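Residues per chain, in single letters:
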Amino acid sequence: MLAVGVLAFLAAAAGILVPATHGTRTTADEPQYLLTAISLAEDRNLDIADELADGRWRAFHALALPEQTEPLADGRRPSPHDPLLPLLLAGPVAVGGWVGAKLAMAAMAGLLAALLVWTAVRRLGVPLGTATLATALLACSPPLAVYGSQIYPELPAALAVLAAAAALTSPAPPSVRATLVTGVAVAALPWLGVKYAPVAAAIALVACWRLARAGQARRALALAGTLALAGAAFLVLHRWWYGGWTPYAAGDHFVGGELSVVGTAPDYLGRSRRLLGLLVDRGFGLAAWQPAWLLAVPAVAALARRRPPSWAALALPLAAGWLVATFVALTMHGWWFAGRQVVVVLPLAALAVAWWTGRDRRRRLLLAVAGGFGVLTFGWLVAEGAAGRISWAVDFAATTNPLYRAWRLALPDYLAMSWWTWALHVAWLAVLATWAVVAARPRHGSRETHYANGMRTRFEARG
């Protein structure tokens, strides 16, 4: 845990060397989070009017800052973003400025990696070597390593989701401590970003179901009631602080109201392409930068088919997060690095990959080769970024990495929906669907089948 955590921290910290854009250290929403963190540290409030007036952004955003906040009736100017991330970064910003904030993010990336190893080994029974390999490769490559130095709520949200998964994947019914950890994680997620509410709801549903099934109906009701109160407090405080039900009410670019953040006329049929595109898009897909994420497809299929103990604690929140990124998010492409919308649930996919790989030598080799590609890609991006040739938010796809330049030709470009894009889309859909079906097919007499049956028997015997 310590070794992998330190590796993940160092990889994420290396990303600080890469500029957000050419001429800025942070961009898009990052300066807004930093300004709110500064305000919390110095003024103990969310009003960034004085920080904007004093140009406090110039240390980390050399260009003129696009202001996102609309002055409220009382003159306050809160940033249109949920406040938990700035609260977490207020101390690091006060001590070390924007670099301190990014180092704090890298520390969270290290903690995430360490907890991934623990959960894979202690909760899912993954061999230590496999858990270490999977975690090191996935945590030290895009997008987890990239967002380990970006001032966005994605990494802290992923850590909260993983903490809940660690609490809920025990073969025994959730203990009082596990219930408390789950409740804190669920309550925290909307405060990191209201977009995480569906994932939080999925986790809460799994927790209450597991408690009720284990005969702990009173604790399940207590958890549900506490979370309902937390939701009510969220709404009341947002009305007070932001003038609406979400922080988007304070934004100056949601002319159609705060709910227009999902789009004024969403084309849900068109957005369905993202179900696959989030994984294989040429520029913004996970597999474009770390092919090992493709292993999540057979891993999740096998997980759903074999249903080891507490499999729903992984599958249901993962599905919720992927569906939100597909149908609710305004766009898959944007002013950010690839994979941003699904980072919150990637630890669950990583656990599934580690569980599916298990003791199988061929799968370990496949994971090592594919994962090594991603680690090399990240190192190449950092080197080019430190030299000023690419940036995290603008032109990362212009990397000169020959492996990526060749690999991208096999991936569909959803920014240019030509006949060739559709052909690649259908081809990848067929390949991954076939792989999922094969992976879900029972393998009678295999070592992993005996292991899964043994774990199921232990789980049922305990309650």
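Residues numbered from 1 in each chain as written. Predicted model: local features only at pLDDT ≥ 70, side-chain atom pairs only at ≥ 80, totals over all residues. Heavy atoms only, no water.

Right, let's talk about the overall build of the protein chain for a bit. What the protein chain contains, in helices and strands, is 20 helices and zero strands. On C-alpha atoms alone, the protein chain measures out to a radius of gyration of 22 Å, which is about the 23 Å that the 2.2 N^0.38 rule sets for 463 residues. Principal axes of the C-alpha set define a box for the protein chain whose edges measure 70 × 60 × 45 Å. Split into buried and exposed, the 463 residues of the protein chain put 57% on the buried side. (Helix = DSSP H or I, 4+ residues; strand = E, 2+ residues; numbered from the N terminus. Rg over C-alpha atoms; globule rule 2.2 N^0.38 Å. Buried < 20%, exposed > 50% of the residue type's maximum accessible area, 1.4 Å probe, protein only.)

For the rest of this paragraph, the subject is helix H5 (residues 128-139). Given a rise of 1.5 Å per residue, 12 residues ought to cover 16 Å, and the 16 Å separating the end C-alpha atoms of H5 matches this to within 8%. For H5, the set of buried residues is Thr130, Ala131, Ala134, Thr135, Ala136, Leu137, Leu138 and Ala139. For H5, the elements touching its buried residues are helix H1 (2-14), helix H4 (84-123), helix H6 (144-147), helix H16 (346-357) and helix H17 (361-386). (Expected span 1.5 Å × (residues − 1). Contact = heavy atoms within 4.5 Å.)

On to the packing of aromatic side chains. What the rule picks out here adds up to 14 aromatic pairs. With 5.5 Å between their ring centres and 75 degrees between their planes, Phe284 and Phe396 make a pair best called edge-to-face. Separated by 112 residues along the polypeptide, Phe284 in the loop between helix H12 (274-280) and helix H13 (286-289) and Phe396 in the loop between H17 and helix H18 (402-407) bring together distant segments of the chain. By relative accessible area, which is 11% here, Phe284 ends up buried. Taken together through their ring pairs, the aromatic side chains of Phe284, Trp289, Phe337, Phe378, Trp392, Phe396 and Tyr404 make up a single cluster. Its guanidinium or amino end placed over the ring of Trp336, Arg340 lies 4.9 Å from that ring's centre, counting from NZ or CZ. (Phe/Tyr/Trp six-rings, centres within 6.5 Å; stacked < 30°, edge-to-face > 60°. Lys NZ or Arg CZ within 6 Å of the ring centre and 35° of its normal.)

Turning our eyes to something else, we now look at helix H10 (residues 217-242). Within an α-helix, residues lying three or four positions from one another point in the same direction, as the helix has 3.6 residues per turn. Relative to the 38 Å expected for 26 residues at 1.5 Å per residue, H10 spans 37 Å between its end C-alpha atoms, a close match to the ideal helical length. Looking only at H10, the buried set comprises Ala220, Leu223, Leu227, Phe234, His238 and Tyr242. Check the buried side of H10 and you find it contacts helix H8 (176-192) and helix H9 (197-213). Backbone geometry just after H10 places Gly243 at a positive phi near 80 degrees.

Summed over the entire model, instances satisfying the criterion amount to seven salt bridges. Close ionic contact of Asp74 with Arg76 constitutes a salt bridge, the shortest N to O distance being 2.7 Å. The class for Asp74 is exposed, based on a relative accessible area of 52%. We note a salt bridge from Lys195 to Glu154, for which the minimum N-O separation is 2.8 Å. Of this pair, Lys195 sits in the loop between H8 and H9 while Glu154 sits in helix H7 (residues 154-168), placing them 41 residues apart in sequence. Using a relative accessible area of 32% as the deciding quantity, one classes Lys195 as partly exposed. A network of salt bridges, in which partner residues are shared, links Asp29, Glu154, Lys195 and Arg340. (Salt bridge = Lys/Arg side-chain N within 4 Å of Asp/Glu carboxyl O.)

Residue Pro142 is joined to Pro143 through a cis peptide bond whose omega torsion reads -5 degrees. Of note, Arg44 is a non-glycine position whose phi angle comes to about 60 degrees, a positive value. Relative to the helices and strands, Arg44 resides in the loop between helix H2 (30-42) and helix H3 (49-53). Backbone geometry at Arg307 places phi at a positive 50 degrees, although glycine is not the residue there. Relative to the elements of secondary structure, Arg307 occurs in the loop between helix H14 (296-306) and helix H15 (312-328).

Their axes nearest at 7 Å, the elements H1 and H4 cross at an angle of 150 degrees. For the element pair H1 and H4, the recorded crossing hand is right-handed. Residue-level inspection shows Val4, Gly5, Ala8, Phe9, Ala12 and Ala13 of H1 in contact with H4, the latter providing Leu103, Ala106, Ala107, Ala109, Gly110, Ala113, Ala114 and Val117. Residues of the contact of H1 with H4, tallied by class, amount to 12 nonpolar, two polar and no charged. (Axes fitted to C-alpha atoms, helices over the stretch in contact; angles between N-to-C directions. Left-handed = near helix turned anticlockwise from the far one by under 90°. Nonpolar A, V, L, I, M, F, W, Y, C, P; charged D, E, K, R; others polar.)

What follows is about the side chain of Arg282. With respect to the secondary-structure elements, Arg282 resides in the loop between H12 and H13. Within the buried set, Arg282 has no salt-bridge partner at all; the shortest N-O distance to an opposite charge, 4.6 Å, is to Asp413. A polar contact of 3.0 Å, which involves the side chain of Arg282, links it to the backbone oxygen of Arg408. Setting aside chain neighbours within four positions, we find Arg282 in contact with Ala288, Tyr404, Arg408, Leu409, Leu411, Pro412, Asp413 and Leu424. (Lys, Arg positive; Asp, Glu negative; His and termini not counted. Polar contact = N/O pair within 3.5 Å; in protein donor to acceptor, adjacent residues only side chain to side chain.)

What follows deals with a nonpolar patch on the surface. On the surface, Leu2, Val6 and Leu10 cluster together to form a nonpolar patch covering roughly 300 Å² of accessible area. On the secondary structure map, Leu2 appears in helix H1. (Patch = residues over 30% accessible without salt bridge, like charges linked within 9 Å, V, L, I, M, F, W, Y side chains within 5 Å. Areas by Shrake-Rupley, 256 points an atom, 1.4 Å probe, with all protein chains shown as cover.)

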